[in-house]
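Chain residues, written in single-letter form:
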Amino acid sequence: MKSAPSWNEKENSVTPEGVFNDRRNIIKALGLGAIGASIPGHVQAGLFDLFGENKAVDPFVTQVLDFTKNSAFGLKETLTPMQKVVTHNNFYEFGTSKTDPVDNAQGFKVDPWVLKIEGLVDNPLTLDLDDLTKLFALEERIYRLRCVEAWSMVVPWVGFSLASLLKKAGVKSSATHVAFETLFDPDQMPGQKSRLMGGGIHYPYIEGLRLDEAMNDLSFMAVGLYGKTLPAQNGAPIRLVVPWKYGFKSIKSIVRIRVMDRQPPTSWNQLAANEYGFYANVNPEVDHPRWSQATERRIGEGGIFSATRIATMPFNGYGEQVAHLYKGMDLSRFY
C-alpha cells in the first residue's frame, strides 16, 4: 500500500516545527533508551566500533559494474574502508542505530524496481532496474560525505549525473525545484512500520533540491560504490549524492523524481525545521543547536578514539563548484 507523497500535502497537514527538537530526543521520546538517545550524534556515530572492531560484512547481492573513472572528480584523500562504508549508516527506514541498516536490510529486494521521473517534464520516464545501469555510461567519482552529526567519509561512488537524467526527461521552463521520494514498503523496511523504530519520520522519505542545484555537475545518481552495485543499506538500487550538503540530503532507494514549480516539503525539515534546513549546505560557521560543525571525525580503519579530527570546509570543500549558487544569500538564515 502506497502512502501519499509528502510534497502533495497541504501546508497545515505537515508535522509542525518543534514537535521533535532533534534526532536523539526523538529517539528518547519514542522509548529507545535513555543511554543511546542522550549521546550526541557526533559521538554516537562511532560507538559501534569503539575498539576498532569491524564486522566482516559481505555487501550482499552486489555485482561488479562496468564504468570509467572520472579524474575530474577525484580526491587526493584516503578512501574510507569499504567495510566501514557498508556498516556505518543512517537509513532510518531500517532503524535508528548505525548498525541497524546493515543488520535489517538483508534480503531487501530491488528487483523488480521502478523509478519514475515526472512532473514538469516533456518526456516522463519510467525506468526499471536494468535501465539504471545501462541508460547512461557509468563513471566513478570520489566524493567526501559529511554527516550532520559531524562525522565524514570519502567514498568512491559509481553512477551518472543527475543533470543527464533530467535532460533526458526534458525539464519545462516553469520548473524551479526537484523532489525525490524513497520507496515506501513497510514489509521490507521495518523503520516505516512504527515511529518507535523509524525515528518519528513521516514516510515515505522526501528530499528536494532547487533546479540549479540539481543541474550542477556535482549532483550524482549513484548505483554503486567501490565498483559494485549498491548494498541495500547504502540505498540500493539508486540514490542521490550531493557532496556539498549534509548527508541526509543524499536520499536513498529512490522510486520517484518529480520536477516542480515550488519548493517541496522535505522529511527532516518537516520534523525539526529549526535544526534541519532545506538547503543543508555544509557550513562550519553555522553550528547545529547542540554541537559545533567546525570540525568532523573522519571515519577510518580504527574506532572512535582513533578517528582523525579535521576542520570542516565550507560546502564540504566544493565551494569552487557551488558557491555561486548562493551568491547574495544569508547562509546562516538559509541553512
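You'll find the structure just up there.
Residues numbered from 1 in each chain as written. Predicted model: local features only at pLDDT ≥ 70, side-chain atom pairs only at ≥ 80, totals over all residues. Heavy atoms only, no water.

## Description of the sheet that holds strand E7 (residues 206–210)
An order of E3-E2-E11-E6-E7 is seen for the five strands of this open sheet, with the pairing classed as mixed. On the outer flanks of this sheet lie strand E3 (125–128) and E7, each paired with one strand and no other. For this sheet, the mean angle separating the axes of adjacent strands, direction not counted, is 15 degrees. Examined bridge by bridge, strand E6 (residues 177–182) and strand E11 (residues 254–260) share six bridges and lie antiparallel to one another. Bridge pairing in E11 places histidine 177 opposite methionine 260. The strands touched by helix H7 (residues 162–169) within the sheet are strand E2 (114–119), E3, E6, E7 and E11, with E3 carrying the most contacts at an inclination of about 130 degrees. (Pairing = 2+ DSSP bridges. Helix = DSSP H or I, 4+ residues; strand = E, 2+ residues; numbered from the N terminus. Axes fitted to C-alpha atoms, helices over the stretch in contact; angles between N-to-C directions. Contact = heavy atoms within 4.5 Å.)

## A look at unusual backbone geometry
Omega for the bond connecting tyrosine 203 with proline 204 falls within 30 degrees of zero, at 5 degrees, which places this linkage in the cis form. Looking at where proline 204 falls in the secondary structure, it is placed in the loop between helix H8 (195–198) and E7. Note that the residue after alanine 236, namely proline 237, is joined by a cis bond; omega there is -5 degrees. Inspection of the secondary structure assignment puts proline 237 in the loop between strand E9 (228–229) and strand E10 (239–241). Backbone geometry at tyrosine 226 places phi at a positive 50 degrees, although glycine is not the residue there. When its relative accessible area of 27% is taken as the criterion, tyrosine 226 is described as partly exposed. Although it is not a glycine, alanine 280 sits at a positive phi angle of roughly 55 degrees. With respect to the secondary-structure elements, alanine 280 resides in the loop between helix H10 (267–271) and strand E12 (295–298). On the basis of relative accessible area, alanine 280 is assigned to the buried category, the value being 4%. (Buried < 20%, exposed > 50% of the residue type's maximum accessible area, 1.4 Å probe, protein only.)

Worth remembering: the numbers are spatial, not functional.
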